[in-house]
Amino acid sequence: MKKVFKGMLLSSLALMLSVAVGCSSQQNTSSPTAEQPKAEEKSAYPTKPIEVVVPAGAGGDTDRNTRVIAKYLEKELGQPVVVTNVGGAGGSTGTKKVLDANADGYTVLSFHNSMLLNKIMGLVDFSYPEMELAGIGISDLGNTFMVNSNSQFTDLPSLIEYAKANPKKVSIATEVGGFTHLQLLALQQATGTEFNIVDVGGAAEKLTALLGGQIDINPTAIGLVKSYIDSGELRSLGVMADERISSMPDVPTFKEQGVDIVFDKFFFWGFPKGTPQEVVSTFSAALEKVVNNEELKKELDGFVVTPVYMNGEEAVKHMTEAEAYYKQLLGK
């Protein structure tokens, strides 16, 4: 009897132990499964359309470059990438809209060097350190000063000579604190000239004013006005690059005309501070694929700009160096 009872007891203990181990095993395997939806949720971005804010009007180089890249980003991200133009205050209005948006990855800024200048000039109290940068996608070395084809200025030296003898007589279209304003300040400092600054609006309005003879000089991206150069309606006084642009070999640089000024206009993408890193990384990876897309390169070649990818960390380094250069030019 004792042996039977002992056998029954051992059998019961073995059964209880088996059940306990089984439950433990089920709990251990179910725990990762419970976490799996979170992992899937992270990797699912984006699940809805992404708004890209361009802090400038339609028709300019920022708007044009953004829309081209956005078209290719849609294919990589699998969601609509909707471009919204929010002009005003030299780009500060649109930038602030992004900074104040939800940090969920569905509002992104596409802008350029002017954001740095707005902070340096004391116009705003925010800049790239207040953002999560996804990277830089385009570099434009075709920064130029354009004149009407019937202008008395045939090259940069003729402009400088006249401007020195006639301070503030030559009108130039720019926005105080903007990227072209910095180029103008650099020219004035390097040559001892002084121009009459006229704010006529965005890129489209500046072009109209130049064609109509309301202004003498329009600082712009040469890719925006290439068709007018080809038709003979406008003339470039030179580009602010180290060497001539291969697609426009007849246009001289400022340097070879005796004015050592070089400017690189870079176009970056950034999210509000606090945007999850995995979201920024996903967007950045898509941007890199787009920039390396051969079809995109061919399309941008017609705009005289260069697709160049820098990730967030590289973009911060590049912008920090540019900021130091701008401060040096402005004596700040």
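Since the model is a prediction, treat every value here as computed from it, not as a measurement.

Taking strand neighbours across the sheet as the criterion, the 3 strands line up as β8-β5-β9 in an open arrangement whose pairing is antiparallel. Both outer strands of the open sheet, β8 (218-221) and β9 (234-239), are each paired with one neighbouring strand and no more. Each strand axis lies, on average, 40° off the axis of its neighbour in the sheet, ignoring direction. Bridge count for strand β5 (residues 143-148) against β9 is 4 bridges, and the pairing is antiparallel. Bridged to M146 within β9 is S236. Contacting β5, β8 and β9, helix α7 (residues 203-211) runs over the sheet at an angle of about 35° to β5.

What follows covers the pattern of salt bridges. With the rule as written, the count across this model stands at 10 salt bridges. Between K168 and E194 there is a salt bridge, with its nearest N and O atoms 3.6 Å apart. Placement of K168 in the loop between α5 (156-165) and β6 (171-173) and of E194 in the loop between α6 (179-191) and β7 (196-198) is noted, with a sequence separation of 26 residues between them. The exposure class assigned to E194 is partly exposed, which follows from its relative accessible area of 38%. A salt bridge links R244 to E256, with the shortest nitrogen-to-oxygen separation between them at 2.7 Å. Of this pair, R244 sits in the loop between β9 and β10 (265-272) while E256 sits in the loop between β9 and β10, placing them 12 residues apart in sequence. The exposure class assigned to E256 is partly exposed, which follows from its relative accessible area of 45%.

This brings us to the sheet that holds strand β2 (residues 81-85). Reading across from one edge, β2-β1-β3-β10-β4-β11 is the order of the 6 strands in this open sheet, with mixed pairing throughout. Bordering the open sheet on either side are β2 and β11 (306-310), each of which pairs with just one other strand. Across the sheet, the mean angle from the axis of one strand to that of its neighbour is 25°, orientation sign disregarded. As paired elements, strand β1 (residues 50-54) and β2 share 5 bridges and run parallel to each other. Each bridged residue has a counterpart across the sheet, and for V53 the counterpart in β2 is T84. Its contacts with the sheet put helix α9 (residues 277-291) on β1, β3 (107-111), β4 (131-140), β10 and β11, and the angle it makes with β4 is roughly 10°. Sheet strands in contact with helix α11 (residues 312-330) are β4, β10 and β11, and its direction is about 70° off that of β4.

Turning our eyes to something else, we now look at the side chain of T220. Structurally, T220 is set in strand β8. Overall, T220 belongs to the buried group, its relative accessible area being 12%. If we skip the residues at most four places from it in the chain, T220 touches G142, N143, T144, M146 and V225.

All right, on to unusual backbone geometry then. The peptide bond linking Y45 to P46 adopts the cis configuration, its omega dihedral lying at 0°. Following the sequence through the fold, P46 ends up in the loop between α1 (2-43) and β1. At K168, a residue that is not glycine, the phi angle is positive and equals roughly 65°. Despite not being glycine, V304 has its phi angle at roughly 60°, a positive value. Within the fold, V304 resides in the loop between α10 (294-301) and β11. A relative accessible area of 8% means that V304 is categorised as buried.

Let's shift gears to the pairing of β1. Buried residues dominate β1, accounting for 4 of its 5 residues. Read from β1 through helix α2 (residues 61-77) to β2, the crossover connection turns out right-handed. As paired strands, β1 and β3 are joined by 3 bridges and run parallel to one another. Pairing of V52 across the sheet is with V108, part of β3.

Scoring rules and cut-offs
Residues numbered from 1 in each chain as written. Predicted model: local features only at pLDDT ≥ 70, side-chain atom pairs only at ≥ 80, totals over all residues. Heavy atoms only, no water. Pairing = 2+ DSSP bridges. Helix = DSSP H or I, 4+ residues; strand = E, 2+ residues; numbered from the N terminus. Axes fitted to C-alpha atoms, helices over the stretch in contact; angles between N-to-C directions. Contact = heavy atoms within 4.5 Å. Salt bridge = Lys/Arg side-chain N within 4 Å of Asp/Glu carboxyl O. Buried < 20%, exposed > 50% of the residue type's maximum accessible area, 1.4 Å probe, protein only. Right-handed = clockwise from strand over helix to strand, strands pointing away.

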